[in-house]
Amino acid sequence: MNLARRTMNAPALAAVYERVWRPTLFYLASGRSTGADRRFAVDSLRLGSARRVLDIACGPGNFTHYLSEHVPADGYVTGIDYSPPMLARALADNAGPRAGYVRGDARFLPFADGTFDAVCCFGALYLIPDPLVATREMIRVLAPGGRLAVTTSYRPGNPFGELTRRTAAVSGLRMFGGRTFPDLFAASGLVDIDQQVHRFLQYITAAKPAAGAAEQRGGHPAASNRGV
Ligand SMILES: C[S@@+](CC[C@H](N)C(=O)[O-])C[C@H]1O[C@@H](n2cnc3c(N)ncnc32)[C@H](O)[C@@H]1O
C-alpha cells in the first residue's frame, strides 16, 4: 500500500480531515473553498429530484451529510468508503436521518445496475489503483436519467504538468490529463458532459440519458469543456 493510501487509513487523519486537512489542501490545489465545492455538488447533481444518491469514497461523510440535507424528504444518501477510521468518523460526525454508510471498494460496488439517481466521487479517483474501473462502476450504478459528478486531479498539458505528475507519483497520487474523464464518459454514452478546471483539480459532470432517449436522439453525445 502506498503512502497516500496508508494516510487515508490513519485514524489521526480521519480525526482532522473534515475541519483541517480537506479545507487546506483542496484550497491550495484548486483555489476553491469547501463551501463552493459543496454547492457545486448540490447543483450539478440536481439533488432536488434525486431520491437515491451514492457518495463514493465518502471519507468521514463530509459531503454525504451535506448532500442529505438537499435531497427530497423521502431521499437518502449512501456513503461508501473502504477506510474503517474514515467510516467511524462518518458515523460519529455525519450520520443523519437521510445519510448512512457502508464499507466497500469503489472498484466493486455492491449495488445493482441503475440503483442511484445521482452518483458522485470527490477527491478520491487519484488514490484508487484502478481509477477507470471505479469510474465505470459509477456509471453502471447510475440510473437512466441520473446525474454524475467527479472531482479529481488535473495535470496541465505542459512540462510543468509532467513535473507535477512525477512529484505526485512519489506519494502514490495520480494526476489525470484533461481528456481522460470526458472521453470515457462520452464513450460510455453519457451526455451533457461538462468540465471545469481549477488549478490542479478538475470538476466533471455528466448525465445518463433517460430510458429511450438514446434512440430518439441518435448521433454522438456532445461534450463541452471549460478552462482546459
Ligand atoms: C481524500 S478522501 C475524500 C473524502 C471526500 N469525498 C472529500 O471529497 O472530501 C479520499 C477517500 O477515498 C477513499 N478510498 C480510496 N480508495 C478507495 C476505494 N478503492 N474504495 C473506496 N474508498 C476508497 C479513502 O479511504 C478516503 O476516505
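The structure contained in this document is the topic of the report that follows. Fair warning: this is a prediction, and the values are worked out from it, not measured in the lab. (Residues numbered from 1 in each chain as written. Predicted model: local features only at pLDDT ≥ 70, side-chain atom pairs only at ≥ 80, totals over all residues. Heavy atoms only, no water.)

### Points about the sheet that holds strand β3 (residues 99–103)
In sheet architecture, strand pairing relies on hydrogen bonds along the backbone and comes in two forms, parallel and antiparallel.
Here comes step 1: Across the sheet, 7 strands lie side by side as β3-β2-β1-β4-β5-β7-β6; this open sheet has mixed pairing. With partners counted over all chains shown, the strands left at the sheet margins are β3 and β6 (191–198), one partner each. Averaged over all adjacent pairs, the angle separating strand axes in this sheet is 15 degrees, with direction ignored.
Here comes step 2: In terms of strand pairing, strand β1 (residues 52–56) meets strand β4 (residues 116–122) through 4 bridges, oriented parallel. If you follow Asp55 over to β4, its bridge partner there is Cys120.
Here comes step 3: Against the sheet, helix α5 (residues 84–93) engages β2 (76–81) and β3, with an angle of about 165 degrees to β3.
Here comes step 4: Contacts from helix α6 (residues 131–141) reach β1, β4 and β5 (142–153) within the one sheet, and its direction differs from that of β5 by about 155 degrees. (Pairing = 2+ DSSP bridges. Helix = DSSP H or I, 4+ residues; strand = E, 2+ residues; numbered from the N terminus. Axes fitted to C-alpha atoms, helices over the stretch in contact; angles between N-to-C directions. Contact = heavy atoms within 4.5 Å.)

### Focus on unusual backbone geometry
Here comes step 1: Positioned with a positive phi, Ala57 is a non-glycine residue whose angle comes to about 60 degrees.
Here comes step 2: Relative to the assigned elements, Ala57 resides in the loop between β1 and α4 (64–68).
Here comes step 3: The backbone phi angle of Asp192 is positive, close to 55 degrees, even though this residue is not glycine.
Here comes step 4: Mapped onto the elements, Asp192 comes out in strand β6.
Here comes step 5: By relative accessible area, Asp192 is classed as partly exposed at 41%. (Buried < 20%, exposed > 50% of the residue type's maximum accessible area, 1.4 Å probe, protein only.)

### So, the environment of Pro110
Here comes step 1: Relative to the assigned elements, Pro110 resides in the loop between β3 and β4.
Here comes step 2: Put simply, Pro110 and Thr64 are 46 residues apart on the chain and 18 Å apart in space, counted from C-alpha to C-alpha.

### Structural notes on the packing of aromatic side chains
Here comes step 1: Under the defined criterion, the tally for this structure stands at 7 aromatic pairs.
Here comes step 2: With a centroid separation of 5.1 Å and an interplanar angle of 85 degrees, the aromatic rings of Phe40 and Tyr203 are classed as edge-to-face. With Phe40 in helix α3 (residues 34–45) and Tyr203 in strand β7 (residues 201–207), this pair connects stretches of sequence that are 163 residues apart. Of the two residues examined, Phe40 and Tyr203, each falls in the buried class.
Here comes step 3: Relative to Phe116, the ring of Phe111 lies with its centre 5.0 Å away and its plane at 90 degrees, an arrangement referred to as edge-to-face.
Here comes step 4: Taken together, Phe40, Phe63, Phe122 and Tyr203 form an aromatic cluster joined through their ring pairs.
Here comes step 5: Positioned above the aromatic ring of Phe26 is the side chain of Arg22, whose terminal nitrogen or guanidinium carbon lies 3.7 Å from the ring centre. (Phe/Tyr/Trp six-rings, centres within 6.5 Å; stacked < 30°, edge-to-face > 60°. Lys NZ or Arg CZ within 6 Å of the ring centre and 35° of its normal.)

### Regarding the pattern of salt bridges
It is possible for side chains bearing opposite charge to pair when their charged atoms get close.
Here comes step 1: Under the definition given, this model contains 15 salt bridges.
Here comes step 2: For Glu137, the salt bridge goes to Arg140, with nearest N and O atoms at 2.7 Å. With Glu137 and Arg140 both in helix α6, this residue pair falls 3 residues apart, about one helical turn.
Here comes step 3: The partner of Arg179 in a salt bridge is Asp183, and the shortest N-O contact between them spans 2.9 Å.
Here comes step 4: Overall, the relative accessible area of 38% leaves Arg179 in the partly exposed class.
Here comes step 5: Among the charged side chains, a network of salt bridges with common partners joins Arg22, Arg32 and Asp37. (Salt bridge = Lys/Arg side-chain N within 4 Å of Asp/Glu carboxyl O.)

### A few points about the environment of Phe181
Here comes step 1: Secondary-structure assignment places Phe181 in helix α8 (residues 180–187).
Here comes step 2: Residues Phe181 and Phe40, spaced 141 residues apart in sequence, show a C-alpha to C-alpha distance of 18 Å.
Here comes step 3: Setting aside chain neighbours within four positions, we find Phe181 in contact with Leu125, Leu132, Thr135, Thr152, Phe176, Gln202 and Ile204.

### Quick look at the pairing of β4
Consecutive side chains of a regular strand alternate in pointing toward one face of the sheet and then the other.
Here comes step 1: Judged by how many residues are buried, β4 sits mostly within the fold: 7 of 7 residues are covered.
Here comes step 2: In this structure, β4 lies alongside β5, joined through 6 bridges in parallel fashion. When the sheet's bridge partners are listed, Phe116 is paired in β5 with Leu142.
Here comes step 3: For the crossover from β4 across α6 to β5, the handedness is right-handed. (Right-handed = clockwise from strand over helix to strand, strands pointing away.)

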